[in-house]
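Coordinate analysis (summary)
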Amino acid sequence: MSKAAVSRYVWRAGNTPRVRLLQRTTRRLSLTEEGQVFYARSKELLGGGRGGRGRNHLAQRSPSGLLRINAPVTFGIRHLAPLWACSAAVTPRVSLDVTLADRVVDLVEEGYDVAIRIATLRVPR
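Here's what I pulled together on the structure shown here. Only a predicted model underlies this, so the values are computations on that prediction, with no experimental measurement involved. (Residues numbered from 1 in each chain as written. Predicted model: local features only at pLDDT ≥ 70, side-chain atom pairs only at ≥ 80, totals over all residues. Heavy atoms only, no water.)

Take the overall build of the chain next. The number of helices and strands found in the chain is six helices and five strands. Each helix and strand of the chain, placed in order from N terminus to C terminus, yields the pattern α-β-β-α-α-β-α-α-β-α-β. With 125 residues in all, the chain has 21% of them scored as buried. Taking contacts inside the chain between residues at least 6 apart in sequence as the whole, the part at least 24 apart equals 59%. (Helix = DSSP H or I, 4+ residues; strand = E, 2+ residues; numbered from the N terminus. Buried < 20%, exposed > 50% of the residue type's maximum accessible area, 1.4 Å probe, protein only. Contact = heavy atoms within 4.5 Å.)

In structure tokens:
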């Protein structure tokens, strides 16, 4: 298959369902958690005459799965920790994996969904 054909198929796969299947950066392409579920389900259904989109689309009605978060230590303890119990009550099917560290992480490489960064921004003069 040509590179152009593969790109077209990947684009369609990432834009047809109403969920994000692929995480793209200028250097890397990887499956999101939903993409991994979609891929596994599609493999199961392959040859059965049914598409893999329905189940993935229905899963989006109520959030579920693992949400990986990275934040600075002090900010996380002071501002995020009090919200964790509320989060569990509001979205019981979402599991949080929170890493508190004062280093900058590579979101794609390390598999984080969200990173909170604190910085002083210079105002241009």
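After that view of the structure, there is still more to cover.
The next subject is the environment of D102. One can find D102 in the loop between β4 (94-100) and α6 (107-110). Placed 15 residues apart in sequence, D102 and R117 show a C-alpha to C-alpha distance of 9.2 Å.

Now for the environment of F75. Relative to the helices and strands, F75 resides in helix α4 (residues 73-80). On a C-alpha basis, the gap between F75 and I118 in space is 8.5 Å, while along the polypeptide they are 43 residues apart. When neighbours within four sequence positions are excluded, F75 is seen to be in contact with L80, I116 and I118.

For the rest of this paragraph, the subject is the sheet that holds strand β5 (residues 114-115). Strand order in the open sheet formed by three strands is β4-β3-β5, with parallel pairing between adjacent strands. Each having just a single partner strand, β4 and β5 make up the two edges of the open sheet. Pairing geometry for strand β3 (residues 65-71) and β4, over seven bridges, is parallel. Pairing of L67 across the sheet is with L96, part of β4. (Pairing = 2+ DSSP bridges.)

Alignment of β3 against β5, held across two bridges, turns out to be parallel. Looking at the pairing, I69 lines up with V114 of β5.

In this section: the packing of aromatic side chains. Using the criterion set out here, one finds zero aromatic pairs in the structure. Over the ring of Y112 we find R68; its NZ or CZ atom is 4.3 Å from the centre of that ring. (Phe/Tyr/Trp six-rings, centres within 6.5 Å; stacked < 30°, edge-to-face > 60°. Lys NZ or Arg CZ within 6 Å of the ring centre and 35° of its normal.)

For the rest of this paragraph, the subject is the pattern of salt bridges. If you walk through the whole model with that rule in mind, you get two salt bridges. A salt bridge links R68 to D97; its shortest N-O distance comes to 3.1 Å. A residue pair is termed long-range when its members are at least 10 positions apart, and R68 in strand β3 and D97 in strand β4 qualify at 29 residues. Note that R103 and E110 form a salt bridge whose closest N and O atoms lie 2.8 Å from each other. On the accessibility criterion, R103 (45% relative accessible area) is partly exposed. (Salt bridge = Lys/Arg side-chain N within 4 Å of Asp/Glu carboxyl O.)

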